[in-house]
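# Tertiary structure, described
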Amino acid sequence: MSNEIPSSFDEVITALKEEKIIAYPTEAVFGLGCDPDSENAVQELLALKNRPWEKGLILIADNYERLCSYIDDDQLNDMQKETIFSFWPGPVTWVIPAKKTTAKWLTGQFSSLAVRVTDHPLIKQLCALYEKPLVSTSANLSGLEPCRSVEEVRRQFGNRVSILEGEVGGRKKPSEIRDALTGKLYRQG
């Protein structure tokens, strides 16, 4: 495999570096994302979605190590980590205690952060190329169904986002969300 960035990724990587919002296929629906370390980009994403900051956001990554600067996995015991890793990579999001240094624009009103190691090949490649996790929230305007195709993203968002073209995975529902400390189910997948 060459070290050259595939041309289809150029636009979205440039957008991320410029603190803009991107749309990309995930396991079930298209996601909206941005650089998690850019408060400006996150605020723009929240405004675009009309999503309150208090709800917090999900970070998606190609591997666990990319998430470690945002989460405090020292609070997890070996059994909890084993459970998490048994579901990853895959469509299960885990709510894990956040590091005290993790920005409130990511955690919202919580002291935890929702994170996922994806098995979608395009997002794995994008995170590897960008060398960071991405903010991940469903690509839909308030009150509308999440987008499942590039055409739907274009209809809802026009040119307000850069789109990583590709197909969503075969899942019918967005990722399941569980608490890493308790195992509590927050959203059925």
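Taking an unreviewed UniProt entry as the reference, the protein is identified by name as Threonylcarbamoyl-AMP synthase belonging to Xenorhabdus hominickii. What UniProt states about the protein under its Subcellular location (unreviewed entry) heading is, verbatim, "Cytoplasm". Regarding the protein, the relevant UniProt record gives this comment under Sequence similarities (unreviewed entry): "Belongs to the SUA5 family. TsaC subfamily."

With a probe scaled to a water molecule rolled over the atoms, the places where space remains empty come into view. Each pocket or cavity is described by its volume, and for the largest pocket that value is around 730 Å³. In terms of lining, the largest pocket is formed by 33 residues, of which the most central are Arg-51, Gly-56, Ile-58, Ile-177 and Arg-187. For the lining of the largest pocket, the elements supplying multiple residues, two or more each, are helix H4 (104–107), strand E5 (112–117), strand E6 (134–138), strand E8 (176–179) and strand E9 (185–187). Top contributing element to the lining of the largest pocket by residue count: E5, with four residues.

Here the focus is unusual backbone geometry. Residue Pro-89 is reached from Trp-88 by a cis peptide bond, and omega for that bond is -5 degrees. When you line up the elements, Pro-89 lands in the loop between helix H3 (78–87) and strand E4 (92–97). Even without being a glycine, Asn-50 presents a positive backbone phi close to 55 degrees. Looking at the secondary structure, you find Asn-50 in the loop between helix H2 (39–49) and strand E3 (58–61). Residue classification places Asn-50 among the exposed residues on the basis of a relative accessible area of 58%.

Close approach of charged atoms allows side chains of opposite charge to pair. Applying the stated criterion across every chain, the model contains seven salt bridges. Notably, a salt bridge pairs Arg-154 with Glu-165, separated by 2.6 Å at the nearest N-O pair. Within this pair, whereas Arg-154 is found in helix H6 (residues 150–157), its partner Glu-165 is found in the loop between strand E7 (162–163) and E8, the two being separated by 11 residues in sequence. The exposure class assigned to Arg-154 is partly exposed, which follows from its relative accessible area of 43%.

For E6, the tally of buried residues reaches four of five residues, placing the bulk of the element in the interior. As defined by bridge partners, strand E2 (residues 30–33) adjoins E6 across two bridges and the pair is classed as antiparallel. When the sheet's bridge partners are listed, Gly-31 is paired in E6 with Ser-138. By the bridge criterion, three bridges tie E3 to E6 in an arrangement that is antiparallel. Bridge assignment links Leu-59 to a residue of E6, and that residue is Val-135.

What counts, and where the lines are drawn
- Residues numbered from 1 in each chain as written.
- Predicted model: local features only at pLDDT ≥ 70, side-chain atom pairs only at ≥ 80, totals over all residues.
- Heavy atoms only, no water.
- UniProt positions renumbered as here; feature names shortened; annotations may be inferred.
- 1 Å grid on protein atoms, 1.4 Å probe; cavity = no way out; pocket = protein on both sides within 12 Å on 5 of 7 lines; lining within 4 Å.
- Points joined across faces, edges and corners; volume = space filled by probe spheres on them.
- Helix = DSSP H or I, 4+ residues; strand = E, 2+ residues; numbered from the N terminus.
- Buried < 20%, exposed > 50% of the residue type's maximum accessible area, 1.4 Å probe, protein only.
- Salt bridge = Lys/Arg side-chain N within 4 Å of Asp/Glu carboxyl O.
- Pairing = 2+ DSSP bridges.

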